[in-house]
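Structural characterization, general
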Amino acid sequence: MTHAPENDLPGSAAERDALLGAVHEAATQVRERTPLVQCLTNEVTVNLVANVLLAAGASPAMVATPGEAEELAHVADAVLVNLGTMGADHRASIRSTVAAAEGARTPWVLDPVAVGVLSLRTRLAAEILVHTPAVVRGNASEIRALAGLASAGRGVDARDDVDDALTAALAVAGRTGAVVAVSGETDLVTDGVTVVRLTGGDPLLTLMTGGGCALGGLVAATTAVASPLVAAVTASAWFNAAASDAALVASGPGSFAAAFVDAVHALTTDTLVERAAAGLRVGALTATGARA
Ligand SMILES: Nc1ncnc2c1ncn2[C@@H]1O[C@H](COP(=O)(O)OP(=O)(O)OP(=O)(O)O)[C@@H](O)[C@H]1O
Ligand SMILES: Cc1ncsc1CCO
Ligand SMILES: [Mg+2]
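Computed from a predicted model, the values in this text were never measured in an experiment. (Residues numbered from 1 in each chain as written. Chains lettered and ligands numbered in written order. Predicted model: local features only at pLDDT ≥ 70, side-chain atom pairs only at ≥ 80, totals over all residues. Heavy atoms only, no water.)

Quick look at the environment of Leu110
This is how it is decided: Secondary structure counts use DSSP, requiring at least four H or I residues in a row for a helix and at least two E residues in a row for a strand, with both numbered from the N terminus. Throughout this description, buried means an accessible area under 20% of the type-specific maximum (1.4 Å probe, protein chains only), exposed means over 50%, and partly exposed covers the range between. By definition, residues are in contact when any of their heavy atoms lie within 4.5 Å.
Following the sequence through the fold, Leu110 ends up in strand β5 (residues 108-111). Owing to a relative accessible area of 0%, Leu110 belongs among the buried residues under this scheme. Dropping the residues within four chain positions of it, Leu110 is found in contact with Val81, Leu83, Ile128, Leu129, Val135, Val136 and Arg137.

Right, dumping it as C-alpha cells:
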C-alpha cells in the first residue's frame, strides 16, 4: 500500500517530546554500552565508518571475510551491510552474515549503495531483504529503486528528492518490515506509520566520501540500544548537529572530514537533543491517510 505525501499529518507535541526523550536515551546508551558493530562495508569508506563509530562511542569491527563474518554476527550487537563495492568475497559474506544475524536476532542495517543503477547489486539487495533488516538506509534514488520506482540515480549519489521518496519508503517499509531512512538535505525516517523529518547538517557532508556509509554505521550502532525508528532518528540528528559544528571550523571538504569526526565525538547528548528539537518534525499516516 502506498500513501500520498500530503496524507502525512502533524503529530502531537507529546509524541515529539517522547521521541526526543528516546533520542537522548539512545545516544546515552551508545556511549555507555559501546556496542560492537560488525561492518561489511565498502573498500572506499571503511576507515571513515570505523572512525565515526569510535567517535560516537561504539566499537567497530570490519570483519567481512567469508568463514568468519557469519561467526561474528552471532556475537556482535549489530551488523552493517553496505553494497558500495561488490567483490565476490563481499557478496558471499553478505549472504551468510545476514542469515546468521537473522538467526541470532542481531539487528542489521542495509545501505543499498547505487541500487537501481547496477543489476548485480540490485538483485543482491532484493535477495537479502527477506532476512528482516532492522533499518534500510539510503539516499532518495536508492530507496526509490528498492521500491521498484523509476529513479534518476546514476552513481552512488542521489539524483532524486527526499520528499519524492516518501511513497517509496513506505512501500519498502511495508514489504520488509524495516524502518526506512532516506538521507538528503532533509532526512526522512518512517516505520510505515510514523514519519519523521529532520533538517540541519551541511552540504559539505556530500563532498566527503562516505557520509552516507558512516551514517549507516551509526544507525546500526544505535539499533543495538534502541528501536529501529529511534535508532535512525538518533543517528540522523547526531549527523546533522555534528556536520553543522564541523562546517563552522572547516576550510573545505578535507578539513571538514576531520572536523566532522571530532564533532561526532564532542557532541553531548543534551546538546544533541536541543539541536534535534530545532529541526525535527513528526507526522503519522494510517492506511486511509487519516491521522493515526
Ligand atoms: N544538501 C544537504 N545539506 C545538508 N546535509 C545533507 C545534504 N545532503 C545530504 N546531507 C546529509 O549527508 C549525510 C549523508 O547523506 P547522503 O544522502 O549524501 O548519503 P549517500 O548518498 O548515501 O552518501 P554516500 O556518498 O556515503 O553514499 C546525511 O547525514 C544527510 O543528512
Ligand atoms: C565513491 C564510492 N564508490 C563506491 S562505494 C563509494 C562510497 C560512497 O557510497
Ligand atoms: Mg550511500
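Let's pick the thread back up.
Brief notes about the UniProt feature "binding site: substrate" (unreviewed entry) in the protein
Short version of the rule: UniProt positions are given in the numbering used here, feature names are shortened, and annotations may be inferred rather than shown by experiment.
The sites that carry the UniProt feature "binding site: substrate" (unreviewed entry) are, in the present numbering, Met62 and Gly210. Tracing the chain through its elements places Met62 in the loop between β3 (59-61) and α3 (69-72). Not counting chain neighbours up to four residues away, the residues in contact with Met62 comprise Cys39, Thr41, Val46, Val49 and Ala50. Position of Gly210 relative to the elements: it lies in the loop between β9 (194-198) and α8 (211-223). When its relative accessible area of 8% is taken as the criterion, Gly210 is described as buried.

Here's the deal with the site of ligand 2
Quick reminder of the rule: What makes a residue near a molecule or strand is one non-hydrogen atom of that residue sitting within 4 Å of it. The classification used treats Ala, Val, Leu, Ile, Met, Phe, Trp, Tyr, Cys and Pro as nonpolar, Asp, Glu, Lys and Arg as charged, and all other residues, Gly among them, as polar.
Taken together, Asn42, Val44, Thr45, Gly84, Val113, Val156, Thr209 and Cys213 make up the full set of residues near ligand 2. Residues of the shell around ligand 2, tallied by class, amount to four nonpolar, four polar and no charged.

Some thoughts on the site of ligand 1
Just so we agree on the cut-off: What qualifies as a polar contact is a pair of N or O atoms within 3.5 Å, subject to a donor-acceptor requirement within protein and to the restriction that residues adjacent in sequence count only when both atoms come from side chains. Only the protein chains shown count as cover for residues, and the accessible areas themselves come from Shrake-Rupley with a 1.4 Å probe.
If you check the shell around ligand 1, you find 21 residues, and the closest are Arg137, Asn139, Ser183, Asp187 and Gly212. At a separation of 3.3 Å, an oxygen atom of ligand 1 approaches a polar backbone atom of Gly211. When ligand 1 is considered free in solution it has 620 Å² of accessible area, and contact with the protein chains removes 89% of it. Counting only elements with at least two residues in the shell around ligand 1, the list comes to β6 (135-139), α8 and α9 (228-249). Per element, the largest residue contribution to the shell around ligand 1 is four residues, and it comes from α8.

As for the pairing of strand β4 (residues 78-82)
When a strand is regular, its side chains alternate between the sheet's two faces. Where we set the bar: Paired strands, as defined in this entry, are two strands with at least two bridges between them according to DSSP.
The element β4 is extensively covered by neighbouring structure, given that five of its five residues are classed as buried. The side-chain alternation of β4 yields two buried faces, one formed by Ala78, Leu80 and Asn82 and the other by Val79 and Val81. For strand β2 (residues 36-40) and β4, the ladder comprises four bridges, and the chain directions are parallel. Paired with Val37 across the two strands is Ala78, which belongs to β4. Relative to β5, β4 runs parallel, the two sharing four bridges. The residue of β5 that forms the bridge with Val79 is Trp108.

Thoughts on the nonpolar core
The condition is simple: What we call a nonpolar core is a set of buried Ala, Val, Leu, Ile, Met, Phe, Trp, Tyr and Cys residues that are connected through their side-chain atoms within 4.5 Å.
Formed by 62 residues in total, the largest nonpolar core has its most connected members in Val189, Trp238, Phe256 and Phe260. For Phe260, the contacting residues outside a window of four places in its chain are Val52, Leu205, Met208, Phe239, Ala242, Ala243 and Ala246. The next biggest cluster of nonpolar side chains, apart from the first, holds 36 residues, and it includes Val136, Ala145, Leu146 and Leu166.

Focus: helix α5 (residues 119-128)
What counts here: Throughout, the arc means that of the directions going from the helix axis to the C-beta atoms.
Those residues of α5 lying buried are Arg121, Leu124, Ala125 and Ile128. The buried residues of α5 occupy one face: seen down the axis, they fall within an arc of 100°. Turning to α5, the residues buried within the fold contact β4, α4 (88-104), β5 and α6 (140-146).

Quick word on the UniProt feature "binding site: ATP" (unreviewed entry) in the protein
On the UniProt side, "binding site: ATP" (unreviewed entry) is annotated at positions that read Arg137 and Ser183 here. Of the residues just listed, which span 47 residues, no C-alpha pair is farther apart than 7.5 Å, and they cluster in one region. Counting through the fold element by element, Arg137 comes out in strand β6. Setting aside anything within four residues of it in sequence, one finds Arg137 in contact with Leu110, Asp111, Pro112, Ala181, Ser183, Gly212, Cys213, Leu215 and Gly216. Side-chain polar atoms of Arg137 contact the side chain of Ser183, separated by 2.9 Å. Among the secondary structure elements, Ser183 is positioned in strand β7 (residues 179-183).

Focus on the state of the cysteines
The condition that has to hold: We call a pair of cysteine sulfur atoms a disulfide whenever their separation is within 2.5 Å.
In the structure shown here, the tally under the stated rule is zero disulfides. As a non-bridged cysteine, Cys39 has Cys213 as the owner of its nearest cysteine sulfur, 11 Å distant. Judged by relative accessible area, which is 1%, Cys39 ranks as buried. Since its relative accessible area comes to 11%, Cys213 is described here as buried.

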